[in-house]
Amino acid sequence: MTIDETTHMCFACSPINPIGLKLVFADKGDTCVTRFVPGPQHQGWTGRVHGGIVTTLLDEAMAQFLYRRDETAVTAELTVRFRIPAPVGSELLVEARQTGARGRLLTLEAKACLKDGTVVAVAQGKFLRVPPDALG
Ligand SMILES: CCCCC/C=C\C/C=C\C/C=C\C/C=C\CCCC(=O)SCCNC(=O)CCNC(=O)[C@H](O)C(C)(C)COP(=O)(O)OP(=O)(O)OC[C@H]1O[C@@H](n2cnc3c(N)ncnc32)[C@H](O)[C@@H]1OP(=O)(O)O
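Residues numbered from 1 in each chain as written. Predicted model: local features only at pLDDT ≥ 70, side-chain atom pairs only at ≥ 80, totals over all residues. Heavy atoms only, no water.

Under an unreviewed UniProt entry, the name given to the protein chain is Acyl-coenzyme A thioesterase THEM4, and the organism recorded is Desulforudis audaxviator. Its UniProt record, at the heading Sequence similarities (unreviewed entry), says of the protein chain: "Belongs to the THEM4/THEM5 thioesterase family." (UniProt positions renumbered as here; feature names shortened; annotations may be inferred.)

Put into structure tokens, the structure is as follows:
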């Protein structure tokens, strides 16, 4: 599946979505990685990044892992454990890897860490393969 990079508006990864996170991904070994510095506009409780934003980072890293390997799949289930509050202004390193595949079901995990390696949040994701034309 090929996405038109000039028109897609994904909140997480589009370079042209004006309110998007504009994440850029790379493959590193058997993982897919990105970095993000959350700003004050991404907070929930004062000084802490909104959990939905952290969840978006984890979900998108897993989806990108699959997309970059020519899988067309959607998030069917997502579990996130928030270990510590993510501070606004501190870079988050996010990485995702695949943990299994059975029929249409693909399982992945992702984690978000601070630069010193402290784990902020971890996620388990289940993705279901769908026909490429189902994703527009
Ligand atoms: C890799 C994805 C593409 C990513 C592209 C990335 C970058 C490209 C650049 C730009 C693209 C722009 C945007 C990027 C977009 C998104 C990235 C983030 C990812 C998301 O944000 S994505 C949105 C949220 N997501 C949804 O919007 C899904 C809504 N939902 C559905 O679309 C259906 O619900 C579906 C398809 C999931 C299933 O529907 P269905 O009708 O096809 O299948 P059905 O329900 O019959 O299940 C069949 C068999 O799977 C089993 N099964 C089902 N669910 C299970 C579970 N959770 N655990 C264990 N087993 C499960 C059943 O038990 C059954 O098993 P059995 O066959 O044995 O009976």
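Still to come is the rest of the account.
(A) Geometry of the pairing of strand E2 (residues 31-36). Burial of E2 is extensive: five of the six residues sit out of reach of the surface. In terms of strand pairing, strand E1 (residues 26-28) meets E2 through three bridges, oriented antiparallel. For Lys-28, the partnering residue across the bridge sits in E2 and is Thr-31. Linkage of E1 to E2, two consecutive antiparallel strands, is achieved through a turn of two residues, within which Gly-29 is found at a positive phi near 60°. As paired strands, E2 and strand E4 (residues 92-102) are joined by five bridges and run antiparallel to one another. Residue pairing in the sheet places Arg-35 in a bridge with Leu-93 of E4. (Buried < 20%, exposed > 50% of the residue type's maximum accessible area, 1.4 Å probe, protein only. Helix = DSSP H or I, 4+ residues; strand = E, 2+ residues; numbered from the N terminus. Pairing = 2+ DSSP bridges.)

(B) Region of the structure containing the UniProt feature "domain: Thioesterase" (unreviewed entry) in the protein chain. The feature "domain: Thioesterase" (unreviewed entry), as annotated in UniProt, sits at residues 47-120 in this numbering. What you have in residues 47-120 is 23% helix and 43% strand, and the ends, taken at the C-alpha atoms, are 14 Å apart.

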